[in-house]
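Each chain, letter by letter, is given below.
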Amino acid sequence: TTAKNQFREDYSNYHVVNYDAETGEVLNQATCQGFSDNSAWARGQAWAIYGYTMAYRETHRQDFLDMAVHTADFWLNHPNLPEDGIPYWDFNAGQEDYVPDWNYDPEIFKVVPRDASAAAIVASAFLELSGYVTDGKKYSAAAAHILKSLSSPAYLAEPGTNCNFILMHSVGSIPHGEEIDVPLIYADYYYLEALDGKAPNGEEIRKDGGKTYYLYHTTSVYGNNLSLTYDEDYFPLTGFEQRDKNV
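Residues numbered from 1 in each chain as written. Predicted model: local features only at pLDDT ≥ 70, side-chain atom pairs only at ≥ 80, totals over all residues. Heavy atoms only, no water.

**Student:** Just checking my understanding: could you explain the nonpolar core for this structure?
**Tutor:** Here is a general trend for soluble globular proteins: nonpolar side chains tend to be buried in one another's company. Grouped together as the largest cluster of nonpolar side chains are 49 residues, with contacts concentrated most on W75, F126, L129, I146, L150, L167 and Y191. Contributions of two or more residues to this core are made by α2 (42-59), α3 (62-77), α4 (116-129), α5 (137-150) and α6 (185-195). Counting residues per element, this core draws most heavily on α4, at 11 residues. Each residue touching I146, except ones within four places of it in the same chain, is listed here: D84, G85, I86, A119, V122, A123 and F126. (Core = buried A, V, L, I, M, F, W, Y, C linked by side-chain atoms within 4.5 Å. Buried < 20%, exposed > 50% of the residue type's maximum accessible area, 1.4 Å probe, protein only. Helix = DSSP H or I, 4+ residues; strand = E, 2+ residues; numbered from the N terminus. Contact = heavy atoms within 4.5 Å.)

**Student:** Before we go on, may I ask you to explain the packing of aromatic side chains in this structure?
**Tutor:** We describe a pair of aromatic rings using the distance from one ring centre to the other and the angle between the two ring planes. What the rule picks out here adds up to 15 aromatic pairs. For the pair Y189 and Y190, a centre-to-centre distance of 4.9 Å together with 80° between the ring planes defines the contact as edge-to-face. On the accessibility criterion, Y189 (49% relative accessible area) is partly exposed. You can call Y190 buried: its relative accessible area is 14%. (Phe/Tyr/Trp six-rings, centres within 6.5 Å; stacked < 30°, edge-to-face > 60°.)

**Student:** Can you walk me through the packing of α3 against α4 in this structure?
**Tutor:** Each packed pair of helices is defined by two parameters, the angle between the axes and the distance between the axes. Packing of α3 against α4 brings their axes to within 11 Å, and their N-to-C directions diverge by 130°. Judged by the inter-axis angle, α3 sits oblique to α4. As for the relative orientation of α3 and α4, their crossing is left-handed in sense. In contact with L65, A68, V69, A72, W75 and L76 of α3, α4 contributes A118, V122, F126 and L129. The class makeup of the residues in the contact of α3 with α4 is 10 nonpolar, no polar and no charged. (Axes fitted to C-alpha atoms, helices over the stretch in contact; angles between N-to-C directions. Parallel < 35°, antiparallel > 145°, perpendicular 65-115°, else oblique. Left-handed = near helix turned anticlockwise from the far one by under 90°. Nonpolar A, V, L, I, M, F, W, Y, C, P; charged D, E, K, R; others polar.)

**Student:** I keep staring at unusual backbone geometry and nothing clicks. Help me out?
**Tutor:** If a residue is not glycine, its phi is most likely negative; likewise, a peptide bond is most likely trans. One non-glycine residue, H60, lies in positive phi territory at about 60°. Here H60 lies in the loop between α2 and α3. For D97, which is not glycine, the phi torsion reads 75° and is therefore positive. Mapped onto the fold, D97 is located in the loop between α3 and α4. On the basis of relative accessible area, D97 is assigned to the exposed category, the value being 61%.

**Student:** Honestly, the pairing of strand β4 (residues 178-182) in this entry has me stumped. Any pointers?
**Tutor:** Within a regular beta strand, the side chains point alternately toward one face of the sheet and then the other, so they alternate between its two faces. In this structure, strand β3 (residues 170-173) lies alongside β4, joined through three bridges in antiparallel fashion. Bridged to S173 within β4 is E178. In this structure, the hairpin formed by β3 and β4 is closed by a connection of four residues, where G177 is found at a positive phi of approximately 65°. (Pairing = 2+ DSSP bridges.)

**Student:** Got a minute to help me understand α5 in this structure?
**Tutor:** Note: α-helices contain 3.6 residues per turn, so residues at a spacing of three or four share the same orientation. Counted at 1.5 Å a residue, the expected span for α5 with its 14 residues is 20 Å, and the 20 Å between its end C-alpha atoms agrees. Elements that come into contact with the buried residues of α5 comprise α3, α4 and α6. (Expected span 1.5 Å × (residues − 1).)

**Student:** How do you make sense of the pairing of strand β1 (residues 16-19) when you look at a structure like this?
**Tutor:** Judged from the four bridges that link them, β1 and strand β2 (residues 26-30) form a sheet pairing that is antiparallel. If you follow N18 over to β2, its bridge partner there is N28. The hairpin turn running from β1 into β2, its antiparallel successor, is six residues long, and G24 in that turn takes a positive phi close to 80°.

**Student:** How should the pattern of salt bridges be read in this particular structure?
**Tutor:** Pairs may arise between side chains of opposite charge once their charged atoms sit close together. Under the criterion given, the structure shown has eight salt bridges. Salt-bridge contacts for E58 lead to R57; the nearest nitrogen and oxygen are separated by 3.3 Å. The exposed category is assigned to E58, whose relative accessible area is 56%. On the basis of relative accessible area, R57 is assigned to the partly exposed category, the value being 32%. Residue D73 is joined to K138 by a salt bridge in which the shortest nitrogen-to-oxygen separation is 3.2 Å. Here D73 is found in helix α3, whereas its partner K138 is found in helix α5, with 65 residues between them in sequence. Judged by relative accessible area, D73 falls into the buried class, the value being 18%. On the accessibility criterion, K138 (37% relative accessible area) is partly exposed. What emerges from the salt-bridge pattern is a single network uniting R57, E58 and E128. (Salt bridge = Lys/Arg side-chain N within 4 Å of Asp/Glu carboxyl O.)

Functional significance is not addressed by these values, which are geometric in nature.
Shown next as structure tokens:
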């Protein structure tokens, strides 16, 4: 039912589908947190990719895997996806033929906000999806590209700043005027999930200020196994206790 009624021909999705409680008939397809009813809200698309990938993991149903691939390819092939892989909060925000039903003022959004939370969710999904398909390298490569961007100074907060969140520049709901260009706890969650054992030990991810930064697998950080970003002195940028480089 979801695949039939909540997705468009290009495999973007409607945020909300309202059904008749008695007949099951679709009453309308709309958005709540996206730009317009016919736009592609970035986090909604990320949830779709993540959800269908997880559904395949639990059921091994081919139709779920097919939907995961279709929704992922929509994301990767979208002409409005920025070079760094971190999406605008809505792929169609401010574009012609996309008319919002909320009080949108383009003067306020001359620079379209990015959504790091959507990027973190989809990075985790891409890494898992890459293990289920024969051409998985394109998804793992996309995930690595996103994680490198999220681990750069553009999105990764300095320890002790950003209200002690890890990632900057997420969006909750612009139509509601809430959580615009702020840290969000689920952005951090899915960022850490994507790093959880999925990044090679010692992978160089960036150079900045004369230092080289790496991803290293750690043990027992708050009781969990995580991979965290370290500088060349092996000091974790996220503020967890220092680990030996050979763990």
